[in-house]
Amino acid sequence: MTGRRELWTWLAACVAGAALVLLAAGRDWFTVTYDTREVAVSAAELVPALGPAAWAALAAVVAVLATGGVWRGIVGAVMALGGAGMIAGSWWGSGASAALRISAEQAPMSAGTVPQVAPAVVWPILASAGGLLLLAGGVAVILRGGRWPGMSGRYDRQGPGPGGAANRPAPAESALGERALWDALDEGTDPTADPDPRER
């Protein structure tokens, strides 16, 4: 697999991971029922940092594309740590104890009743899967990111080497040279011939 194809595969995996986390972060992870009253407990209440961490991961993806060398490896390490944090947060937020505590604060008049907890298992699993993709993406940047192309190389100005802009004639100079050649031809002289040694 070439470096560019590997980069695009990595990009797709990381964007998919962040999208999974964002999707799960906007959903209710628990529904706690007190007699006839239902209290929904959202991911934002259980793991408030989950959504911002996903947006930060997307920013890290852009940073990886825009940087290179040591800085790219540092961004990859930050992404890997963020992915590990998302996995840990998803695991902690899937526990019923936190949902019971939050729901009890929202329904203080229901104290003394036995709550019924109904978890939405799919959302913590999706958040963990997204965090795992981002963790793997960060590790991939550390191990393989140095071989990937970056955006900055496309916009680098050509240096003074062979074929560079410094060796190209200015447009005005080029036009004057062509005009001199045509004038010499009109006068019946060969512009490619050496000048008369006596005129040197």
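Everything below is about the structure shown above.
Attention in this report is confined to the structure presented alongside it. What you are looking at is a predicted structure, and each value in this text was computed from that prediction instead of being measured.

**A look at the side chain of Arg72**
Next up, step 1: Checked against the element boundaries, Arg72 lands in helix 4 (residues 69-93).
Next up, step 2: Buried Arg72, no salt bridge; nearest opposite-charge side chain is Glu6, N-O distance 9.3 Å.
Next up, step 3: For Arg72, the side chain forms a polar contact with the main-chain oxygen of Val64, separated by 3.0 Å.
Next up, step 4: The residues touching Arg72, leaving out its near neighbours within four places in the chain, are Val64, Leu65, Thr67, Val141, Gly145, Trp148, Pro149 and Gly150.

**Focus on the packing of aromatic side chains**
Next up, step 1: Throughout the structure, instances matching the rule amount to one aromatic pair.
Next up, step 2: Taking 5.3 Å as the distance between ring centres and 45 degrees as the angle between the ring planes, the aromatic pair formed by Trp10 and Trp148 counts as tilted. Of the two residues, Trp10 sits in helix 1 (residues 3-25) while Trp148 sits in the loop between helix 6 (122-144) and helix 7 (171-186), which places them 138 residues apart along the sequence.
Next up, step 3: We classify Trp10 as buried; its relative accessible area is 5%.

**Considering the pairing of strand 1 (residues 28-34)**
Next up, step 1: Summarising burial for strand 1: five of the seven residues are buried, a large majority.
Next up, step 2: Where strand 1 and strand 2 (residues 37-42) come together, six bridges link them in antiparallel fashion. From the neighbouring strand, Thr33 faces strand 2, where its bridge partner is Glu38.
Next up, step 3: Following strand 1, the chain reverses through two residues before pairing antiparallel with strand 2; Asp35 in that reversal takes a positive phi of roughly 55 degrees.
Next up, step 4: Bridge count for strand 1 against strand 3 (residues 116-119) is four bridges, and the pairing is antiparallel. When the bridges of strand 3 are listed, Thr31 appears paired with Ala118.

**Observations regarding the packing of helix 1 against helix 6**
Next up, step 1: With their axes 8 Å apart at the nearest point, helix 1 and helix 6 run at an angle of 150 degrees to one another. Compared by their axis directions, helix 1 and helix 6 come out roughly antiparallel. Of the two possible hands of crossing, helix 1 and helix 6 adopt the one that is left-handed. Of the residues in helix 6, those touching helix 1 at Glu6, Trp10, Ala13, Cys14, Ala16, Gly17, Ala18, Leu20, Val21, Leu23 and Ala24 are Trp123, Leu126, Ala127, Ala129, Gly130, Gly131, Leu133, Leu134, Gly137, Ala140, Val141 and Arg144.
Next up, step 2: Partitioning the contact of helix 1 with helix 6 into residue classes produces 17 nonpolar, four polar and two charged.

**Focus: the pattern of salt bridges**
Next up, step 1: A full pass over the atoms with the stated rule returns two salt bridges.
Next up, step 2: In this structure, the salt-bridge partner of Arg101 is Glu105, at a minimum N-O distance of 3.9 Å. One end of the pair is Arg101 and the other is Glu105, both in helix 5 (residues 96-106) and four residues apart, which spans about a single turn.
Next up, step 3: By relative accessible area, Arg101 is classed as partly exposed at 43%.

**What about the sheet that holds strand 1?**
Next up, step 1: Spatial strand order, 2-1-3: three strands in an open sheet with antiparallel pairing. Each edge of the open sheet carries a strand with a single partner, namely strand 2 and strand 3. Strand-to-strand twist of the sheet, defined as the mean angle between neighbouring strand axes without regard to direction, takes the value 20 degrees.
Next up, step 2: On the sheet, helix 5 packs against strand 1, strand 2 and strand 3 and is oriented at approximately 60 degrees with respect to strand 1.

Each value, and the rule that gives it
Residues numbered from 1 in each chain as written. Predicted model: local features only at pLDDT ≥ 70, side-chain atom pairs only at ≥ 80, totals over all residues. Heavy atoms only, no water. Helix = DSSP H or I, 4+ residues; strand = E, 2+ residues; numbered from the N terminus. Buried < 20%, exposed > 50% of the residue type's maximum accessible area, 1.4 Å probe, protein only. Lys, Arg positive; Asp, Glu negative; His and termini not counted. Salt bridge = Lys/Arg side-chain N within 4 Å of Asp/Glu carboxyl O. Polar contact = N/O pair within 3.5 Å; in protein donor to acceptor, adjacent residues only side chain to side chain. Contact = heavy atoms within 4.5 Å. Phe/Tyr/Trp six-rings, centres within 6.5 Å; stacked < 30°, edge-to-face > 60°. Pairing = 2+ DSSP bridges. Axes fitted to C-alpha atoms, helices over the stretch in contact; angles between N-to-C directions. Parallel < 35°, antiparallel > 145°, perpendicular 65-115°, else oblique. Left-handed = near helix turned anticlockwise from the far one by under 90°. Nonpolar A, V, L, I, M, F, W, Y, C, P; charged D, E, K, R; others polar.

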